[in-house]
Amino acid sequence: MNFEEIQKNWQTQQAPAAEAKAGGATAESDLLVRVKVLQRKVMRTNLLVAIVISLTAVAFVFILRPLLNPNTIWYDVGMGLTLGAAFALGLLHWFKSMPWKKQVNLSSKAYVEQVLKKLHYLNTANQRLTPFFMVAILAGINLIYFDIFWNENIKLRLVMHIMLNAFMISVGAISLYYSKRHNDQSYEPIIQELEELQQKLEEV
Amino acid sequence: MPDKEKFFEQIVRENRDKLYRICRACLADPDDAKDLYQEVLVKVWLHLHTFRGEAKLSTWLYRIALNTAILYRKQQNKHTPLLPQHISELPDASAETAHKQEQEVLLQKLHYCISCLEKQDRLIISLVLEEVSYKEIAEVLGLTVSHVGVKINRVKQKLALLMEQQAGAEIELDKADKR
């Protein structure tokens, strides 16, 4: 058999399940692009949050503290708790998004698995740890208030604490509601599609 | 975005078989080849914006396919040539015509022989089998045309030798069976 015949024979081979694969690839590629957009969004948010937390910490420690001249140690404890919780929250998000910075060159299957793992982690952390850190921040601010109104009468102090807690709980609830809504809109569909894709890739 | 999708769909429609065959030549295992093919399509989609028409579309596609194949093999870190006994595993005779069967046997032999070649030779032969010009192969591989010409001749010879050996082994097997 000559080479031309071999060539002809070779060229009779076709891509498997051509339509499904080609269509699937479009959807998969689109999904991967969306995942990348989401990754970039998470990184941008993390960067913004890190800057805001750092500036707040600087303002609290170097500007507010000398101005307020705290009466007790509770101001510093509250400050430590608030900033510690805020930093921990920020750090948690950075750790989660860190591996995303790498360009993953694994097979599509491994890439999907890795992204799914990260998204699940982010999702669980959002749902469980954010409220916990919010409570820690609230406790810290209460301690700061406790010190700031140290010399005021008990009635005013009580009113200030009730107002602070009512405000913080409302803001917290609203922020959790919108965070969940954002999560349902941004993460859930991608997680679902990735899970479907993972299943499909396992079947191939 | 719709333009990108349309362009991508057109590329896939026109080149999917070629790309799949290149993947098939690069990886001995058909399942790995399918996986690689999927990955090549994803890479084409993700890097579509980088295609500026400076090179031929086919050259750009072959480059993506070959680079993905090289990376894929590095990650897999293994290359297992097909076993000769796989060649005898034929589909059900009643379902296929005699001609198709013959073609299938030849393809399996060819896959086996290609899987015995060196990795760069497999990449070269996959392009030669696609009737890609020497000039384009040289562009894809980053070699000179004359160098590619020499390499192609060597690879063709190696492949022919492997095919002959394969045929010889089959004759021996037939004789042994008759005995």
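Details of the structure are given in the entry above.
Residues numbered from 1 in each chain as written. Chains lettered and ligands numbered in written order. Predicted model: local features only at pLDDT ≥ 70, side-chain atom pairs only at ≥ 80, totals over all residues. Heavy atoms only, no water.

Our focus in this paragraph is the overall build of chain B. Regarding its fold elements, chain B presents seven helices and zero strands. Overall, chain B shows an N-to-C arrangement of helices and strands of α-α-α-α-α-α-α. When the 179 residues of chain B are sorted by exposure, 45% land in the buried category. Counting contacts in chain B only where the partners sit at least 6 residues apart, residues at least 24 apart contribute 66% of the total. (Helix = DSSP H or I, 4+ residues; strand = E, 2+ residues; numbered from the N terminus. Buried < 20%, exposed > 50% of the residue type's maximum accessible area, 1.4 Å probe, protein only. Contact = heavy atoms within 4.5 Å.)

With that settled, consider a nonpolar patch on the surface. All names here are of chain A. A cluster of nonpolar residues, Val58, Val61, Phe62, Ile63, Leu64, Leu67, Leu68 and Ile148, forms a patch on the protein surface that exposes about 720 Å² of accessible area. Here the nonpolar patch gets seven residues from one element, more than from any other, and that element is helix α2 (residues 18–68). Tracing the backbone shows Leu68 in helix α2. (Patch = residues over 30% accessible without salt bridge, like charges linked within 9 Å, V, L, I, M, F, W, Y side chains within 5 Å. Areas by Shrake-Rupley, 256 points an atom, 1.4 Å probe, with all protein chains shown as cover. Salt bridge = Lys/Arg side-chain N within 4 Å of Asp/Glu carboxyl O.)

Residues and elements named next belong to chain A. Following the criterion strictly, the structure yields seven salt bridges over all chains and no others. Among the salt bridges present, the one from Arg65 reaches Asp76, with a minimum N-O distance of 2.7 Å. Placement of Arg65 in helix α2 and of Asp76 in helix α3 (residues 74–97) is noted, with a sequence separation of eleven residues between them. Taking the relative accessible area as the measure of exposure, Arg65 reaches 31% and is therefore partly exposed. A salt bridge links Asp184 to Lys180; its shortest N-O distance comes to 3.1 Å. Taken together, the residues span about one helical turn, with Asp184 and Lys180 both in helix α5 (residues 154–203) at a distance of four residues. According to the relative accessible area criterion, Asp184 is partly exposed, its value standing at 35%.

If you check the backbone angles, Asn69 of chain A has positive phi at about 50° while not being a glycine. Along the polypeptide, Asn69 of chain A turns up in the loop between α2 and α3. What makes Asn69 of chain A exposed here is its relative accessible area of 56%. The backbone phi angle of Glu131 of chain B is positive, close to 60°, even though this residue is not glycine. Note on placement: Glu131 of chain B falls in the loop between α5 (119–129) and α6 (134–141). Judged by relative accessible area, which is 53%, Glu131 of chain B ranks as exposed.

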